[in-house]
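Chains, contacts and geometry: an overview
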Amino acid sequence: MIIGLSGLVLASGSFDFFHYSVRKTLRREPKEDGFKEPLNPHALSSSVGKSYQNILTIGLLLLAISIICLWDYIL
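Residues numbered from 1 in each chain as written. Predicted model: local features only at pLDDT ≥ 70, side-chain atom pairs only at ≥ 80, totals over all residues. Heavy atoms only, no water.

1. Observations concerning the environment of Gly-59
Looking at the element boundaries, Gly-59 is found in helix H4 (residues 52–74). According to the relative accessible area criterion, Gly-59 is buried, its value standing at 12%. Once the C-alpha coordinates of Gly-59 and Met-1 are considered, the two residues, 58 residues apart in sequence, prove to be 4.5 Å apart. (Helix = DSSP H or I, 4+ residues; strand = E, 2+ residues; numbered from the N terminus. Buried < 20%, exposed > 50% of the residue type's maximum accessible area, 1.4 Å probe, protein only.)

Next up, the structure:
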């Protein structure tokens, strides 16, 4: 569930500006033809995609089952 929540936070775009700033700061200058690839400010959130949704769904289902079993155990 922690992995799924981390994917959700990254896909929401929370760290896009930080990722863009770090890539811009640590970028090396090209030695030959002077061609620089343009930096995409939304590269981090677009690279995560929607793969975290399956992990998050399974984690939430297991959490719900655990809470139900705990509730049944207590009563």
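More follows now that the structure is in view.
2. Considering the packing of helix H1 (residues 2–11) against H4
When two helices pack together, their arrangement is given by the angle between the helix axes and the distance between those axes. Closest axis-to-axis distance for the H1/H4 pair is 8 Å, and the angle between their directions is 140 degrees. Of the possible angle classes, the one that applies to H1 and H4 is oblique. Viewed along their axes, H1 and H4 form a crossing whose handedness is left-handed. Only Tyr-52, Ile-55 and Leu-56 of H4 make contact with H1, whose side of the interface consists of Ile-3, Gly-4, Leu-5, Gly-7, Leu-8 and Ala-11. Of the residues in the contact of H1 with H4, the class split is seven nonpolar, two polar and no charged. (Axes fitted to C-alpha atoms, helices over the stretch in contact; angles between N-to-C directions. Parallel < 35°, antiparallel > 145°, perpendicular 65-115°, else oblique. Left-handed = near helix turned anticlockwise from the far one by under 90°. Contact = heavy atoms within 4.5 Å. Nonpolar A, V, L, I, M, F, W, Y, C, P; charged D, E, K, R; others polar.)

3. A closer look at the confidence of the model for the protein chain
The share of residues in the protein chain with pLDDT of 70 or more is 88%, and the mean pLDDT across the chain is 83. When mean pLDDT is compared element by element in the protein chain, H4 scores highest at 93, while helix H3 (residues 43–48) scores lowest at 79. (pLDDT = per-residue confidence, 0-100.)

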